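Understanding the architecture of this molecule
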Amino acid sequence: MYDRIRSIFRPDGRGSGGTARTAARSEHPKAKTTHNLFEAAATYISASAADDHDRMDEAAGWVSPEALSFGVSELATRAILNLARERGESPEAVARALLDLPAMERAVPDA
């Protein structure tokens, strides 16, 4: 996932506020439609899950790379919190499980 997020900061200007993104935005049939960062993040992540690179590029063009990064981070945070509530686990345990990381062992303070 991080590779896909990093791809919005490409040196060729696509997705980084360069002319390629500006041109793509003006050619889009809904170019006058304003998208907020949460719409962009939701579309970007759902397209990423479906491996739809065209849709990912489209969503990345709706907002600045910084706004998209914030929206993706906010979406991840909310998803982890909701999953943790559903599972009755800590957000850390859920996040580590989703990333296939071993559970962290916490030192127990001496009583």
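Attention in this report is confined to the structure presented alongside it. All values derive from a computational prediction rather than experimental measurement.

**A few points about unusual backbone geometry**
- Phi at Asp-51 is positive, roughly 60 degrees, even though this residue is not glycine.
- The topology assignment puts Asp-51 in the loop between helix H3 (37–49) and helix H4 (53–60).
- Phi at Asp-100 takes a positive value of approximately 55 degrees, unusual for a residue other than glycine.
- Along the polypeptide, Asp-100 turns up in the segment after helix H6 (91–98).

**Describing the packing of aromatic side chains**
- Taken as a whole, this structure holds zero aromatic pairs when the rule is applied.
- Over the ring of Phe-38 we find Arg-78; its NZ or CZ atom is 5.4 Å from the centre of that ring.

**A word on the pattern of salt bridges**
- One pass over the structure, following the stated rule, counts two salt bridges.
- Notably, a salt bridge pairs Glu-58 with Arg-55, separated by 2.9 Å at the nearest N-O pair. Taken together, the positions of Glu-58 and Arg-55, both in helix H4 and three residues apart, correspond to about one turn of that helix.
- For the salt bridge of Arg-78 with Glu-74, the shortest nitrogen-to-oxygen distance reads 3.0 Å. Of this pair, Arg-78 and Glu-74 both sit in helix H5 (residues 65–87), four residues apart, which is roughly one turn of that helix.

**Let's talk about a nonpolar patch on the surface**
- A contiguous nonpolar surface patch, about 290 Å² in accessible area, is contributed by Leu-98, Leu-99 and Leu-101.
- Here Leu-101 is to be found in the segment after H6.

**Here's the deal with the nonpolar core**
- Residues Ala-40, Ala-41, Tyr-44, Ala-47, Met-56, Ala-59, Ala-60, Trp-62, Val-63, Ala-67, Leu-68 and Val-72 constitute the largest nonpolar core, which totals twelve residues.
- Elements represented by at least two residues in this core include exactly H3, H4 and H5.
- Top element by residues in this core is H3. It accounts for four residues.

How each quantity is defined
- Residues numbered from 1 in each chain as written.
- Predicted model: local features only at pLDDT ≥ 70, side-chain atom pairs only at ≥ 80, totals over all residues.
- Heavy atoms only, no water.
- Helix = DSSP H or I, 4+ residues; strand = E, 2+ residues; numbered from the N terminus.
- Phe/Tyr/Trp six-rings, centres within 6.5 Å; stacked < 30°, edge-to-face > 60°.
- Lys NZ or Arg CZ within 6 Å of the ring centre and 35° of its normal.
- Salt bridge = Lys/Arg side-chain N within 4 Å of Asp/Glu carboxyl O.
- Patch = residues over 30% accessible without salt bridge, like charges linked within 9 Å, V, L, I, M, F, W, Y side chains within 5 Å.
- Areas by Shrake-Rupley, 256 points an atom, 1.4 Å probe, with all protein chains shown as cover.
- Core = buried A, V, L, I, M, F, W, Y, C linked by side-chain atoms within 4.5 Å.
- Buried < 20%, exposed > 50% of the residue type's maximum accessible area, 1.4 Å probe, protein only.

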